[in-house]
Amino acid sequence: MASRVDALYFFLLALSFFFSLLIAGLIVFYAVKYRRRAADSVGSEIHGGLALELTWTIVPLLITMVIFVWGASVFFAMSRPPDETINIYVVGKQWMWKFQHLDGQREINELHVPVGRPVKLIMTSEDVIHDVFVPAFRIKADVVPGRYTHLWFQSTKPGRYRLFCAEYCGTKHSGMIGQVVVMEPSEYQTWLSGGASEGSLASAGAKLFQDLACNTCHRPDAQGRGPVLEGLFGKTVTLQNGEALTVDEAYVRESILQPAAKIASGFQPIMPTFQGLVTEEQLLELIEYVKSLHQLPQVQPR
Ligand code: CUA
């Protein structure tokens, strides 16, 4: 995205430079040209000038429309990740960055990604507002407690890139820095398979789902007292008040922490809250587990 952001930025800079010089130059030029030559000379009054009025209305309009359309297209490209992305969870806390890969790798203040692949960050905070800022990638977004925000990027060159917290978040805000390590795909695979992994995020979520006894009510056979979760993620559900809602990370999270907030139609508000019982990381595991439940379990062929 960097080249597109920079092109727009330099266009704005050049535009400002051009008009600043033009205006300053004309001021000096006319000040000299129409200087008072005789002690008693008086300038003639000017009443209107349609051509002039039209020019200084239409020219800026055209220029600002170019800026608007160009800026909007860059903005849309930045806010819409491609369909196939590597998803990585980011949890900010005072004062560190925790990264969680779907395969189970966890890292702190270092984020390893493969070069040339779109990466989507799904981000939240454990405590206060932080802000992920990777200047080299021209990406920056707030990380807000109780909410998931997104960023995406596609790196073009292997290397190490600085990551900053760009929201004042307390005493050690300035130390809340990290690095994005962009690797060749083969190196990345080696990195992924190395180290002690405790299994994928979804499998950790599956275990937690059992441990918290969620499975007693959310059963795949539709006999439970809670909604069937298989194939639910990404679907549209109808709530008790008739509203329709797409099941996303935010909805799953809210349903775990404040189950009564948005009840799916046909169900009773009987689920207890898990606020304070699950950490931010465990929430991510549960969300990944729900995401992984694509469809009803298939009958094993003999
Ligand atoms: Cu976190 Cu500043």
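Residues numbered from 1 in each chain as written. Predicted model: local features only at pLDDT ≥ 70, side-chain atom pairs only at ≥ 80, totals over all residues. Heavy atoms only, no water.

## Things to note about the sheet that holds strand β9 (residues 159-165)
And then number 1: The five strands are arranged β4-β10-β9-β6-β7 in an open sheet whose pairing can be described as mixed. Only two strands of the sheet have a single neighbouring strand rather than two, namely β4 (110-114) and β7 (139-143). Each adjacent strand pair in this sheet contributes to an overall mean axis angle of 20°, direction not counted.
And then number 2: Direction of pairing for β4 relative to strand β10 (residues 177-183): parallel, over a ladder of five bridges. The residue bridging Val 113 from the neighbouring strand is Val 182, located in β10.
And then number 3: Sheet strands in contact with helix α3 (residues 185-193) are β4 and β10, and its direction is about 130° off that of β4. (Pairing = 2+ DSSP bridges. Helix = DSSP H or I, 4+ residues; strand = E, 2+ residues; numbered from the N terminus. Axes fitted to C-alpha atoms, helices over the stretch in contact; angles between N-to-C directions. Contact = heavy atoms within 4.5 Å.)

## Comments concerning the sheet that holds strand β3 (residues 106-108)
And then number 1: As summarised here, the arrangement of the five strands in space is β3-β2-β1-β5-β8, forming an open sheet in which the pairing is mixed. Pairing within the sheet leaves two strands with one partner each, and these edge strands are β3 and β8 (149-154). Strand-to-strand, the axes of this sheet are offset by a mean angle of 25°, without reference to chain direction.
And then number 2: Strand contacts of helix α6 (residues 280-292): β1 (86-93), β2 (96-101), β3 and β5 (118-125), with the helix running at about 160° to β1, the strand carrying the most contacts.

## Observations concerning the domain arrangement of the protein
And then number 1: Its domain assignment divides the protein into domain 1 (86-193) and domain 2 (201-292).
And then number 2: Computed over C-alpha atoms, the centres of domain 1 and domain 2 are 26 Å apart.
And then number 3: Counting residues at the interface gives 18 residues for domain 1, matched by twelve residues for domain 2.
And then number 4: By the criterion of area lost to domain 2, the three top residues of domain 1 are Tyr 89, Leu 102 and Tyr 148, representing 47% of everything that side buries.
And then number 5: Inspection of the domain 1/domain 2 interface yields two salt bridges.
And then number 6: Glu 285 is the salt-bridge partner of Arg 106, the closest N and O atoms lying 3.0 Å from each other. (Domains from an automatic or database assignment. Buried area = accessible area lost by both parts, 1.4 Å probe. Salt bridge = Lys/Arg side-chain N within 4 Å of Asp/Glu carboxyl O.)

## Focus on unusual backbone geometry
And then number 1: In the segment running from Gln 94 into Trp 95, the intervening peptide bond is cis, with an omega of -5°.
And then number 2: Along the polypeptide, Trp 95 turns up in the loop between β1 and β2.
And then number 3: Phi at Asn 109 takes a positive value of approximately 60°, unusual for a residue other than glycine.
And then number 4: Turning to its location among the elements, Asn 109 is positioned in the loop between β3 and β4.
And then number 5: According to the relative accessible area criterion, Asn 109 is partly exposed, its value standing at 23%.
And then number 6: Although it is not a glycine, Arg 138 adopts a positive phi angle of roughly 60°.
And then number 7: With respect to the element layout, Arg 138 can be found in the loop between β6 (130-134) and β7. (Buried < 20%, exposed > 50% of the residue type's maximum accessible area, 1.4 Å probe, protein only.)

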